[in-house]
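Summary of the model geometry
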Amino acid sequence: MSLSRRTAARSVRMLGVTAASAALALSAAGTALACDITEFSAAAACDGAKGVITVTDKDGTRVPAVITVFLENNGADLRQVGTAQTVTGSKKGVTVSFAEAWEPNAEYRVHVLAVKGKKTFVDADITPNVTTPSKACTADDTSKPSTTPSSTPSSTPSSSTSQTAPPPAGTTAPAPSPSDSAGDSAAPPAPASNAPSPAAQESNLAETGANSNTGLIVGIAAVLVVVGGGAVFFGMRRRGATHP
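Below: a short report on this structure. (Residues numbered from 1 in each chain as written. Predicted model: local features only at pLDDT ≥ 70, side-chain atom pairs only at ≥ 80, totals over all residues. Heavy atoms only, no water.)

1. Some thoughts on the pairing of strand β3 (residues 64-73)
For β3, the tally of buried residues reaches seven of 10 residues, placing the bulk of the element in the interior. As paired elements, β3 and strand β5 (residues 85-88) share four bridges and run antiparallel to each other. By the bridge assignment, I67 is partnered in β5 with Q85. As defined by bridge partners, β3 adjoins strand β7 (residues 107-116) across seven bridges and the pair is classed as antiparallel. Residue L71 lies in a different strand from β7, and its bridge partner there is Y108. The pairing of β3 with strand β4 (residues 76-80) spans four bridges and is antiparallel. Residue pairing in the sheet places F70 in a bridge with Q80 of β4. Linking β3 to β4, which pair antiparallel, is a turn of two residues; within it N74 sits at a positive phi near 55°. (Buried < 20%, exposed > 50% of the residue type's maximum accessible area, 1.4 Å probe, protein only. Helix = DSSP H or I, 4+ residues; strand = E, 2+ residues; numbered from the N terminus. Pairing = 2+ DSSP bridges.)

2. Notes on the state of the cysteines
If you walk through the whole model with that rule in mind, you get one disulfide. Through a disulfide, C46 is tied to C137; the S-S separation comes to 1.9 Å. Measuring the twist about the S-S bond at about -85°, one finds the C46-C137 disulfide to be left-handed. Highlighted residues: C46 in strand β1 (residues 40-47) and C137 in the loop between β9 (130-131) and α2 (159-162), separated in sequence by 91 residues. Look at C46 and you get partly exposed, because its relative accessible area is 40%. (Disulfide = S-S within 2.5 Å.)

3. Examining the nonpolar core
In this structure, I67, F98 and Y108 are the most contacted members of the largest nonpolar core, which totals 24 residues. The residues contacting I67, other than those within four sequence positions of it, are F40, V55, A84, Q85, V87, F98, V110, H111 and V112. (Core = buried A, V, L, I, M, F, W, Y, C linked by side-chain atoms within 4.5 Å. Contact = heavy atoms within 4.5 Å.)

4. Observations regarding the sheet that holds β1
Spatial strand order, β1-β2-β6: three strands in an open sheet with antiparallel pairing. The open sheet has two edge strands with one neighbour each: β1 and β6 (94-99). Each strand of the sheet is rotated relative to its neighbour by a mean of 25°, with strand direction disregarded. Taken together, the six bridges between strand β2 (residues 50-57) and β6 define a ladder with antiparallel strand orientation. Counted as the bridge partner of D57 is V94 from β6. (Axes fitted to C-alpha atoms, helices over the stretch in contact; angles between N-to-C directions.)

5. Observations concerning unusual backbone geometry
With an omega of -5°, the peptide bond between T127 and P128 qualifies as cis. Along the chain, P128 turns up in the loop between β8 (119-125) and β9. Even without glycine at this site, R62 takes up a positive phi of about 60°. Secondary-structure assignment places R62 in the loop between β2 and β3. Despite not being glycine, N105 has its phi angle at roughly 60°, a positive value. Its location among the elements puts N105 in the loop between β6 and β7. Residue N105 is classed as exposed on the basis of its relative accessible area of 54%.

6. Quick look at the side chain of D59
Along the chain, D59 falls in the loop between β2 and β3. In this structure D59 is buried but unpaired, with K116 as the nearest side chain of opposite charge at 7.9 Å. Among all residues touching D59, those that are not within four sequence positions of it are C35, E39, G89 and S90. (Lys, Arg positive; Asp, Glu negative; His and termini not counted. Salt bridge = Lys/Arg side-chain N within 4 Å of Asp/Glu carboxyl O.)

7. Some points on the pattern of salt bridges
Scanning all chains against the criterion turns up four salt bridges. One salt bridge in this structure joins D77 and R109, with 2.6 Å as the shortest N-O distance. Note that D77 is positioned in strand β4 and R109 in strand β7, a separation of 32 residues in sequence. Under the relative-accessibility criterion, R109 is labelled buried at 16%.

What is shown is where atoms sit, not what they do.
The structure is reproduced here in structure tokens:
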């Protein structure tokens, strides 16, 4: 085989490798941008004495998803919890809540339907199903100390005052000291309650998310395609120079 043919064959092989690498890079970029059921999670929580089922969407592609929650009974849907909610996720995560007075050890099925345009990305349940804790929600401790004032102090003089012996003859009796009981009658004010208020739910705000690896992957693929094209051009030029 002449030198020009070997060069041309090597150029063709390099072009094939470059095209395959570009295809793999584009495939990886497409996979990174796809919405998937693994980006959704659900849990049972408490908001004070009220139970809630929370669903978190960490889909950075921001595909809108409709979330539906069902109470399960022996593997069948017993009833739907509230109404379906739509959430647009982010890489950081966006959470929606369903108010539900759940019982301990109850089971809930959470279904996700993510559709954008005419393409359905997700139509599946979050697995495993949500199982509630073994202890029901309880109200926060909001008890306050009693603010009832103390009973009205008695105005009856003490027995020691009424039974004081008279002073000896020829002496002046000392003036009686004022009673301190009136000054102690007022009860101290009760301390203000420091009971914490229930924590507010996280607002359902969509956050902007973008895949930071997509540009790098596409750039690498473009560079590989350019390198392969240059190799083919160089090989064809060498072949032309050898066979005028």
